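An overview of the molecular structure
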Amino acid sequence: MVHRVAVIGAGPSGLTSIKACLEEGMEPTCFESSDDMGGLWKFKEVSEPNRASIYRSLTINISKEMMCYSDFPIPSDYPNYMHHSKILNYFRMYADHFKLLKYIRFQTLVKSVRKAPDYSRTGRWEVLTEKKDGHEERHVFDAVICCSGHYTYPNLPLKDFPGIETFEGKYLHSWDYKGPEDMYGKRVVVIGIGNSGGDIAVETSRVAEQVYMSTRRGAWVIRQVSDNGLPVDMKYNTRFVHILFQLFPINFFNWFGEKKLNAMYDHTMYALKPKHRLFSQIPVINDDLPMKILSGAVIIKPNVKEICGCTVVFDDGSTVEKVDTIVFATGYNYDFPYLPKKAMYKSGHRVGLYKHVFPPTLEHPTLAVVGFIHALGAIMPQAEMQARWVTRVFKGHKKLPSSQSMIKAVEKDTRNIEKSYIVSKLTPLQVDFVSYMDEIAGDIGVRPSLLWLFFTDYPLFKRVFWGPVTAYQYRLMGPGKWEGARRAIFTQFDRMYQPLKTRKLFKIFSSLYSCLGLLSN
């Protein structure tokens, strides 16, 4: 029986894993190598090796109602798209509310996780940790949850850029970027057009002489501000839209979505149009990039062919001279250096985890990975769902299939990912947000039943079906049911509107009646 659980990392995945362990009556111990919680969202002026890193201006591109944990709404006065400092504050409130801090050992690095001598009988693990002062300690746990993320090891493919050794300026990975202070009056080339690359190109263009953005494949760019000013995810990430995706061929939605995006800014005219279809890869979310392209502050270029001193040569033969800085926004590698190599099953480009959580070849289901996933949605509710499932499995309430069945499921997942998405060794983790959340929720027994809601609570059914798929939906029923879930769903748009109520306005009818009153006197 699992009782003592090691949680590795005190970021958003680690915090919710601690809470899930407590809810199932287990005793978690969380090891965090830094001096604070938050993981990726803890900003530091200097990037630290083997840790995630963000830039000073970073604002999340998922709205607050879509990113919060299922039983702890973000305060209504917080902005819909939050600066990293606000997100860290939210994590602190979450940890304080659920009394999680006392289970975290800060400045404690996990050096290795190995099977205990009695593993074949008990499934236990031996965890070797090291304190900041170098003191090592061995612990034995009944189970381990890995929450160390996948934005830790920068991918800097210098061998793909002939002549980089001749470059006379400065180059860095986006992992090292903190702000545009060193870019004043410079000529900058940003390589890569993901979300980080787009943010950095936009920010540096405000101070640089010129910014060039090099992309191998191009990208679809969507706005955070959707129709009527709503956050785009609250507008379109609904069960109704999700059902439509199941009923109609994906090419229809590719055509429709691309047409809608091109109506805002023609991706061909802006030199952005990618080689792939809209729903084959997570799009770039950036409201400012099209305007920067239109104003000439950012110039889109093809892939870099070679670098000759301070000149960058592109695949189409064009060149940019007198380049001062190159920023590689080229993604991240991922690794679990503390785990035994044989613990992980390899499938295609990815670490093969059953439902992106459990290694399928282990004798006992006492090792899990939480938060190692990528979707068009925030990691917080996905990691929370994974953690709830993991702790139910640890406790024996849910049983995993046989190793052979899990391997077959992993291989099927790999084929589906390769069929549905543009996959590389850097992007092997993509899933559909609603499908994945519903699948894991079904395993736990917390997936909302639309039919039941239709007949028993029609007002709630309307909000669950037509409204955004917020995490509160997974607290309406089953294990971990939260009495506040229904109210949270009914008030989610109130919390969205609240931070916008910064100026009192009178309705037109009130003004009209006032005018009529004055005229009658």
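Residues numbered from 1 in each chain as written. Predicted model: local features only at pLDDT ≥ 70, side-chain atom pairs only at ≥ 80, totals over all residues. Heavy atoms only, no water.

1. A short note on the sheet that holds strand β18 (residues 325-328)
Pairing is parallel across the open sheet formed by five strands, whose spatial order is β9-β18-β10-β11-β14. Edge strands, defined here as strands with exactly one partner in the open sheet, are β9 (170-173) and β14 (298-301). Adjacent strand axes in the sheet meet at a mean angle of 20°, parallel and antiparallel pairs treated alike. Examined bridge by bridge, strand β10 (residues 187-191) and β18 share four bridges and lie parallel to one another. Bridged to V188 within β18 is T325. Contacts from helix α5 (residues 195-205) reach β10, β11 (210-214), β14 and β18 within the one sheet, and its direction differs from that of β11 by about 165°. (Pairing = 2+ DSSP bridges. Helix = DSSP H or I, 4+ residues; strand = E, 2+ residues; numbered from the N terminus. Axes fitted to C-alpha atoms, helices over the stretch in contact; angles between N-to-C directions. Contact = heavy atoms within 4.5 Å.)

2. Things to note about the domain arrangement of the chain
Looking at the assigned domains, one finds that the chain contains domain 1 (4-152 + 333-442), domain 2 (156-330) and domain 3 (444-500). The centre of domain 1, based on its C-alpha atoms, is set 25 Å off from the matching centre of domain 3. Contacts between the two partners involve 30 residues from domain 1 and, on the opposite side, 21 residues from domain 3. A buried area of about 2100 Å², summed over both sides, lies between domain 1 and domain 3, and 60% of it is on carbon and sulfur atoms. When the buried area of domain 1 at its contact with domain 3 is split by residue, E65, S70 and R388 rank highest and sum to 27% of it. If you look at where domain 1 meets domain 3, you find four salt bridges. For R447, the salt bridge goes to D438, with nearest N and O atoms at 3.6 Å. Between the two partners, domain 1 and domain 3, sit 16 residue pairs in polar contact (both at pLDDT 80 or more). Only α1 (12-23), α2 (64-67), α10 (379-395) and α12 (433-444) provide two or more residues apiece to the side of domain 1 that touches domain 3. (Domains from an automatic or database assignment. Buried area = accessible area lost by both parts, 1.4 Å probe. Salt bridge = Lys/Arg side-chain N within 4 Å of Asp/Glu carboxyl O. Polar contact = N/O pair within 3.5 Å; in protein donor to acceptor, adjacent residues only side chain to side chain.)

3. A closer look at a nonpolar patch on the surface
Together, I243, L247, F248, F252, W255 and F256 line one region of the surface with nonpolar side chains, adding up to about 610 Å² of accessible area. Contributions of two or more residues to the nonpolar patch are made by α7 (239-247) and α8 (250-264). Sorting elements by how many residues they give to the nonpolar patch places α8 first, with three residues. Take F248: it is sitting in the loop between α7 and α8. (Patch = residues over 30% accessible without salt bridge, like charges linked within 9 Å, V, L, I, M, F, W, Y side chains within 5 Å. Areas by Shrake-Rupley, 256 points an atom, 1.4 Å probe, with all protein chains shown as cover.)

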